[in-house]
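For reference, the chains in residue letters:
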Amino acid sequence: MIRARTVMLAGAPAGGLLEDAGIGEEIFALAAEIYPICRSITGEGVHQTLAHLSRHIDLEVHEVPTGTEVFDWTIPREWTIRDAWINDAAGKRILDFKSCNLHVLNYSRPVRAKLPLDELKKHIFTLPGQPDLIPYRTSYYADNWGFCMAHDQLTALPDGIYEVVIDASLEDGSLIYGEYLHRGETEEEFLFSAHICHPSLANDNCSGLALLTHLAKRLAAVHTRYSYRFLFAPGTIGAIAWLARNEHRVNRIRHGLVLSCVGDGGGPTYKKSRQGDTFIDRVMTHVLRHASASPTILDFLPYGYDERQYCSPGFNLPVGLFQRSQFGTFPEYHTSADNLEFIRPEHLASSYRMIVAALEIAEGDWRPRSTSPKCEPQLGRRGLYSTLGGDKDGPAKSMAFLWILNLADGRHSLLDIAERAKLPFEIVAEAARLLRESGLLVEDSSDTRPIAPTKGLPPKENDSEAVLSA
Amino acid sequence: MIRARTVMLAGAPAGGLLEDAGIGEEIFALAAEIYPICRSITGEGVHQTLAHLSRHIDLEVHEVPTGTEVFDWTIPREWTIRDAWINDAAGKRILDFKSCNLHVLNYSRPVRAKLPLDELKKHIFTLPGQPDLIPYRTSYYADNWGFCMAHDQLTALPDGIYEVVIDASLEDGSLIYGEYLHRGETEEEFLFSAHICHPSLANDNCSGLALLTHLAKRLAAVHTRYSYRFLFAPGTIGAIAWLARNEHRVNRIRHGLVLSCVGDGGGPTYKKSRQGDTFIDRVMTHVLRHASASPTILDFLPYGYDERQYCSPGFNLPVGLFQRSQFGTFPEYHTSADNLEFIRPEHLASSYRMIVAALEIAEGDWRPRSTSPKCEPQLGRRGLYSTLGGDKDGPAKSMAFLWILNLADGRHSLLDIAERAKLPFEIVAEAARLLRESGLLVEDSSDTRPIAPTKGLPPKENDSEAVLSA
Amino acid sequence: MIRARTVMLAGAPAGGLLEDAGIGEEIFALAAEIYPICRSITGEGVHQTLAHLSRHIDLEVHEVPTGTEVFDWTIPREWTIRDAWINDAAGKRILDFKSCNLHVLNYSRPVRAKLPLDELKKHIFTLPGQPDLIPYRTSYYADNWGFCMAHDQLTALPDGIYEVVIDASLEDGSLIYGEYLHRGETEEEFLFSAHICHPSLANDNCSGLALLTHLAKRLAAVHTRYSYRFLFAPGTIGAIAWLARNEHRVNRIRHGLVLSCVGDGGGPTYKKSRQGDTFIDRVMTHVLRHASASPTILDFLPYGYDERQYCSPGFNLPVGLFQRSQFGTFPEYHTSADNLEFIRPEHLASSYRMIVAALEIAEGDWRPRSTSPKCEPQLGRRGLYSTLGGDKDGPAKSMAFLWILNLADGRHSLLDIAERAKLPFEIVAEAARLLRESGLLVEDSSDTRPIAPTKGLPPKENDSEAVLSA
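My aim in this report is to walk through the structure given alongside it, one point at a time.

How each quantity is defined
- Residues numbered from 1 in each chain as written.
- Chains lettered and ligands numbered in written order.
- Predicted model: local features only at pLDDT ≥ 70, side-chain atom pairs only at ≥ 80, totals over all residues.
- Heavy atoms only, no water.
- Helix = DSSP H or I, 4+ residues; strand = E, 2+ residues; numbered from the N terminus.
- Buried < 20%, exposed > 50% of the residue type's maximum accessible area, 1.4 Å probe, protein only.
- Contact = heavy atoms within 4.5 Å.
- Areas by Shrake-Rupley, 256 points an atom, 1.4 Å probe, with all protein chains shown as cover.
- Least-squares fit on C-alpha atoms with pLDDT ≥ 70 in both.
- Buried area = accessible area lost by both parts, 1.4 Å probe.
- Salt bridge = Lys/Arg side-chain N within 4 Å of Asp/Glu carboxyl O.
- Polar contact = N/O pair within 3.5 Å; in protein donor to acceptor, adjacent residues only side chain to side chain.
- Pairing = 2+ DSSP bridges.
- Axes fitted to C-alpha atoms, helices over the stretch in contact; angles between N-to-C directions.
- Parallel < 35°, antiparallel > 145°, perpendicular 65-115°, else oblique.
- Left-handed = near helix turned anticlockwise from the far one by under 90°.
- Disulfide = S-S within 2.5 Å.
- Expected span 1.5 Å × (residues − 1).

**Things to note about the overall build of chain A**
Okay, step 1: Scanning chain A from terminus to terminus reveals 12 helices and 19 strands.
Okay, step 2: Within chain A, buried positions represent 59% of all 470 residues.
Okay, step 3: Of the contacts formed within chain A by residues at least 6 apart in sequence, a portion of 81% connects residues at least 24 apart.
Okay, step 4: Only carbon and sulfur atoms are counted for the fraction: they give 50% of the accessible area of chain A, which is about 17900 Å².

So, in structure tokens, the structure goes:
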């Protein structure tokens, strides 16, 4: 654990590290801005999206050329999609990429052909169980072409010859990802990661990209203990590329969260890291339990988002996954119904607040030691009980005083105490602040975990790859 | 763990260490005797109460002068209350301390005044939700005066001028507490503690004072392994004063119990020590589970009685709290309904039996080692099965034989075995005695925990404070 | 844990180590063959039973003479029962040993007498709660004679003089047990044990004897890593005798199972070893949970079958008990209703399959280490996902791939992974085999537990006791 500093909160608005007024609307607006873009694991869509994000934060864009080997993988060719459609025999356009980019099998190879309905059907993906929705399908690593459409539309198609065009190309180029680092007092890092490869799916993951961008933006104004790294990278291959290039310094990562699907009204859901008992696992469990009457806390499983890579056995980083509804459990998942109607500013705001609460615990946790450990100190004569009279959190804070003093033996952090007392961290942290001010607590300095030294850190990151401004 | 001695039970009546015939009535009688006394944290009431207890046991009374610093606290002035009343405008006495000592705010400063109802009301405490009961209120560390009355009475008071008198004084004097030590074979101590500061509240804590007095009285007649210390002290400040004066020897305390509210028909309740897994925690959990179908076993929390002080982080003693109904959970708590009708001899007797059962486990636990550990020994030819034929505990004792022999590897105590076998300790202890007599068990002597040496112990305690005879 | 060898399965039929076609009928037929024999802890019945078993496997029969001391016990005299009956006053045979061998108190001393009904009744055992069933009763270690009959029959008996004859003898002789060893690659042993002392009780334990015989028979044809020892011995005294004679080499036993009552439709039930967390405990828990929706997994208790001896504190072997219905819990237990109607080929077959599944886990478990531990390897280009398309276990196998690769850090065995992934062991084992073939896994060689060396093992067991051919 990191040692808390009161200076840390010096620049913060009253009531917390980061102000949250209007945050839901701001995140929603950015999500709506990037929603129409057709993204994939490579290609122009990622560039365009990063450009939008970089209007808010000083984003570094990194390129990794096609063919580069990254662990067991190879950076694939760059996919450029210009247009796609299907015309019927009469020349009438029955499907148009421009109206919805989900219509094209993502990463599809180019095709120009006329073919009968039976042949066409082999390249059409639908959802018979949700016949009015267009599915989201990809074919990254198998050479294929195809279209996605509503099942109702498919079944209504008359026999005949259809003209299909996918005006796309797969050529050598590069995979890109965006990275933003908020430098704190130490080199110890809190990693936030969101995938940037899905096309027009609002919750999965315009929501996560937009939330993290605004979190990074607001964080820029405050002084923190940890450094905060934000990664906006294509799923799987992007995270793998980043890990391959940063292998030598991932040991700086103390805590990490992957974010996706943070705009719907379900959940909240937290999937623990592979280690299962790390600080971030405890923090998120604490935050979700106090934010929701029925949070879902899942043990790690090797299926999901890029926590799969961060938690591969060779890295085993303390990185969990935060979501509202869990992936695969809501009917809109990976369909055209995951649109801007599905996400809401209020849900984005509450997701933001949970992330900020976690961040505040990471910043604000410390291990108190009582200066009066033998019997209880007399709180009354210090005015600590009476100061609480008119406070709505009064009873909780009184119990917080007692719990803190009882457990302030240098072996319990504020989070430990909050968990044992079943009180929200912020109540415990505020009570601990008052006790410290009154001289009843000092910070225990026997922390033996080494903190990454700042000496020897180059003033600017010196990546070998080209750095672009998005 | 302490090594068991068969000699230990030499003086005990058949069936247990301490006889319990008539015990409920005896405890009740003593509780009834001390019930009328107006106690506070200091003052004559404590003296009078200790005088009653000392008719049964050879009590030492210790004085700590006003102004003495004890850890973070200072011994307060001594409160003397002589009389108190309220007269209405017609001179009619509407409230009289002599009829119920709860009527005066405990530790109230003196007052003599005439004042209108509106002003008077600022100094009246009632229970609107229990309008016919007088509440018990204190103001130890804030300078205040006041009266407690039934809410029904308050609302019926006509406007007018009232005369109020509290004929009390707060002057330098001393805080006193009573202590009794039953010397056992070793200096290792079992501490029993009960608060002596509450006025006429029968369950809280005339019951605890009376139970411990009679326990100490009966214990005086038997030879024990442990020494037993009984402390009758004002809540909080009394325990703190005792700890401050005995700081150098509290490490002798191996097990401890705070007792309060042991006369009602609820519970039983045991609140674990801060450590949570000490021997006394296991013993009390075992005893309560076998004594009751639905005992309440609570984790430690830093609210309650003097276990708060014993379990403060600088001491962290293995001391738990035994009650019937838990404090604050029964409607009579801290009201005039906590009277002699509320406690019953049969509940006092069953509380006593639970405490004695705990004491017997502490005295009687030992770690057996089988002399025939390879395969089961043949019990039949030793007459061990047949001896059990006509015994109502026969089947349990047969299983006890098998469990003991199976676990008699020197790493399991009788309590461990009783817990694993889900059998009452006394059944296991009796079966172990029979097995030992038949040569199938020996006591494991590899106990590495040092037992406090008796050499070097002064023949009599040498406290620096004055010692009075109560 | 033992290191897996692919060669191990070389001789096995597709789909598993041991073929199971027709197994239920074969086991039933053998159980039916031995059902009529009147067995006891000593005597001709055990000889006859072993003779039947030895038609299938190369059984060694060991003799231990009467009077031999085995730990705390002495080998008793040999019981020979030739005939027994009761005649009424008219000379009519009202009870005949030849019609049911349960009629005689097992190990009864001889008697020839005429006596009135009142006297006779002192020697009659019945089941008043199951009045039409004959109980099974023994008197091994108390000198007694008696008969067992249906309670209805007893209550219908008229007064009068009865003639009773038990033509039996108790003479010096020997106790015998059968043993079969399947030699595997190492000397590490998997012990299977079944009691052979009960007379005509089909489930308890003709079923266990017959199942183990056919397991041993089929195992003879395959190459295994472990050696498998099968013990068919009288309950208690037989197991004690075996342990006494094999004390020096029981440390070879890595896993063990006692089998009894494996032919009824209840359970399955597994009672854990005394240690409670051994490999066999985990294996059986895993097997039963995947074989049944509601298995019963019991903690060890020192009552039951010969696991009591294997798990006595001086041995503490990793031996559990497998049953269908737990002993003592089904109404047919120890009565004439435990007959050939009560056991079924299909239940015997499913019991067999569970035992084989456990054996396959013991043989097939190993600790994988990923050759590509940083990020996930790309399964698609290795055809691992596609190979699973048409496979009914496809989805489970895909998750198995991900789980194995995620946990392949050398610290998790396949069983660990199967438990964590909540997948059947065989799915995980098959997926691990495919991953290993594709080069993504190697076996971790850092196992520090020594495997019993084969050097120095005498070519044949050199027991000092006489070895007979049954």
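**Details of the environment of B:Leu105**
Residue and element names in this part refer to chain B.
Okay, step 1: Of note, Leu-105 is situated in the loop between strand S5 (93-96) and strand S6 (111-116).
Okay, step 2: In the structure, Leu-105 is positioned 31 residues away from Tyr-136 in sequence and 7.5 Å away in space, judged by C-alpha atoms.
Okay, step 3: Every residue in contact with Leu-105, bar those within four places of it in the chain, is listed here: Trp-79, Phe-125, Arg-137, Thr-138, Ser-139, Asn-144, Trp-145, Gly-146 and Phe-147.

**Considerations on the relation of the copies chain A and chain C**
Okay, step 1: Each copy of the sequence occupies a distinct position, and chain A is placed on chain C by a rotation of 120° and an axial shift of 0.2 Å, giving an RMSD of 0.1 Å. What the rotation and shift describe, once combined, is the action of a three-fold rotation axis. Relative to the rotation axis, the C-alpha of A:Asp277 is the closest in chain A, positioned 13 Å from it.

**Looking at the interface of chain A and chain C**
Okay, step 1: Across the boundary between the two partners, chain A contributes 19 residues, which contact 19 residues of chain C.
Okay, step 2: Summed over both sides, the interface of chain A with chain C buries roughly 1700 Å², with 51% coming from carbon and sulfur.
Okay, step 3: A per-residue breakdown of the area chain A buries against chain C is headed by A:Asp72, A:Arg274 and A:Pro302, which together make up 36% of the total.
Okay, step 4: On the surface where chain A and chain C come into contact, there are 5 salt bridges.
Okay, step 5: The partner of A:Asp72 in a salt bridge is C:Arg382, with the nearest N and O atoms 2.8 Å apart.
Okay, step 6: Viewed at the interface, chain C and chain A are joined by 13 residue pairs in polar contact (both at pLDDT 80 or more).
Okay, step 7: Within the residue set of the side of chain A that touches chain C, elements represented by two or more residues are helix H6 (237-245) and helix H8 (307-310) of chain A.

**Description of the pairing of strand S13 (residues 253-259) of chain A**
A regular strand places its side chains so that they alternate between the two faces of the sheet.
Residues and elements named next belong to chain A.
Okay, step 1: Among the 7 residues of S13, 6 are classified as buried, and the element is accordingly described as predominantly covered.
Okay, step 2: As paired strands, strand S11 (residues 189-195) and S13 are joined by 5 bridges and run parallel to one another. For Glu-189, the partnering residue across the bridge sits in S13 and is Ile-253.
Okay, step 3: Note that S13 and strand S16 (residues 319-323) share 4 bridges and pair parallel. Bridge pairing links Gly-256 to Val-319 in S16.

**Let's talk about the pattern of salt bridges**
Two side chains bearing opposite charge may form a pair once their charged atoms approach each other closely.
Okay, step 1: Summed over all chains, the structure comprises 81 salt bridges over all chains.
Okay, step 2: One salt bridge in this structure joins A:Arg225 and A:Glu185, with 2.6 Å as the shortest N-O distance. Taken together, the residues span a long stretch of sequence, with A:Arg225 in the loop between helix H5 (202-219) and strand S12 (227-233) and A:Glu185 in the loop between strand S10 (174-182) and S11 at a distance of 40 residues.
Okay, step 3: Exposure remark for A:Arg225: the relative accessible area of 6% places this residue in the buried category.
Okay, step 4: Where C:Glu346 meets C:Arg344, a salt bridge forms, and the shortest distance between an N and an O atom there is 3.4 Å.
Okay, step 5: Connected via shared salt-bridge partners are A:Asp72, C:Arg381 and C:Arg382.

**Observations regarding the packing of helix H1 (residues 23-34) of chain B against helix H9 (residues 345-364) of chain B**
All names here are of chain B.
Okay, step 1: At a minimum axis distance of 7 Å, the contact between H1 and H9 shows a crossing angle of 110°. When the interaxial angle is binned, H1 and H9 end up roughly perpendicular. Of the two possible hands of crossing, H1 and H9 adopt the one that is right-handed. Counting all contacts with H1, which are made through Ile-23, Gly-24, Glu-25, Ile-27 and Phe-28, the residues of H9 involved are Pro-345, Leu-348, Ala-349 and Tyr-352.

**Points about the state of the cysteines**
All names here are of chain C.
Okay, step 1: A complete count under the given rule lists 0 disulfides over all chains for this structure.
Okay, step 2: The structure places no disulfide on Cys-38, whose sulfur is separated from the nearest cysteine sulfur, that of Cys-100, by 9.3 Å.
Okay, step 3: On the accessibility criterion, Cys-38 (17% relative accessible area) is buried.
Okay, step 4: Looking at Cys-261, it has no disulfide partner, and the nearest cysteine sulfur is the one in Cys-206, 10 Å off.
Okay, step 5: Cys-261 sits in the buried class, given a relative accessible area of 0%.

**Some points on H5(A)**
Okay, step 1: With 18 residues, H5(A) should cover 26 Å at 1.5 Å per step; its first-to-last C-alpha distance of 24 Å lies within 8% of that length.
Okay, step 2: Burial of H5(A) is extensive: 17 of the 18 residues sit out of reach of the surface.

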